[in-house]
Amino acid sequence: MQVLCKTTNGNAETRCCVCGQGFVMFWERQSRMERAEALHEIQEMLRKHHRHAPGPDAHPQGGFLVPEWDGPIAYSGAAILGMAPSWAL
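Please read all numbers here as calculations on a predicted model, not as lab measurements.

Teacher, can you tell me more about the pairing of strand β1 (residues 3–8) here?
Two faces make up the sheet, and in a regular strand the side chains alternate between them. In terms of burial, β1 is largely enclosed, as 5 of its 6 residues are buried. Two elements, β1 and strand β3 (residues 22–27), share 6 bridges in a ladder whose sense is antiparallel. If you follow T8 over to β3, its bridge partner there is G22. Across 3 bridges, β1 lies against strand β4 (residues 64–66) in antiparallel orientation. Of the residues in β4, the one forming a bridge with C5 is F64.

Before we go on, may I ask you to explain the packing of aromatic side chains in this structure?
What describes a pair of aromatic rings is the distance from one ring centre to the other and the angle between the planes of the rings. Summed over all chains, the structure comprises 1 aromatic pair. Here F23 and F64 contribute two aromatic rings whose centre-to-centre distance is 5.7 Å and whose plane-to-plane angle is 80 degrees, an arrangement assigned as edge-to-face. Residue F23 is found in strand β3, and its partner F64 is found in strand β4; the two are separated by 41 residues along the sequence. Exposure remark for F23: the relative accessible area of 1% places this residue in the buried category. A relative accessible area of 7% places F64 in the buried class. Here R35 stacks its cationic end above the ring of W27, 4.0 Å away from the centre of that ring.

Quick notes on the rules
Residues numbered from 1 in each chain as written. Predicted model: local features only at pLDDT ≥ 70, side-chain atom pairs only at ≥ 80, totals over all residues. Heavy atoms only, no water. Buried < 20%, exposed > 50% of the residue type's maximum accessible area, 1.4 Å probe, protein only. Helix = DSSP H or I, 4+ residues; strand = E, 2+ residues; numbered from the N terminus. Pairing = 2+ DSSP bridges. Phe/Tyr/Trp six-rings, centres within 6.5 Å; stacked < 30°, edge-to-face > 60°. Lys NZ or Arg CZ within 6 Å of the ring centre and 35° of its normal.

Interpretation in functional terms is not warranted from these geometric data alone.
Here you go:
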């Protein structure tokens, strides 16, 4: 299960608990329980981004995957199965 997270200044599905930066998320299909677990993992990742920077610039500008993946975002399960629009890739 993967989640593609992209920063947004508009309607956010989740926010970083450190700096308040908002994110939209593109999900692979999953159960409610898996989604709750993924939200916890996303918040952990957002906090880890702040190890070296305090503000919103700590987060990757091009988006990021949870769990992390070495391949191109466009080929991730989250992008494909979550039907991420081209602006999100």
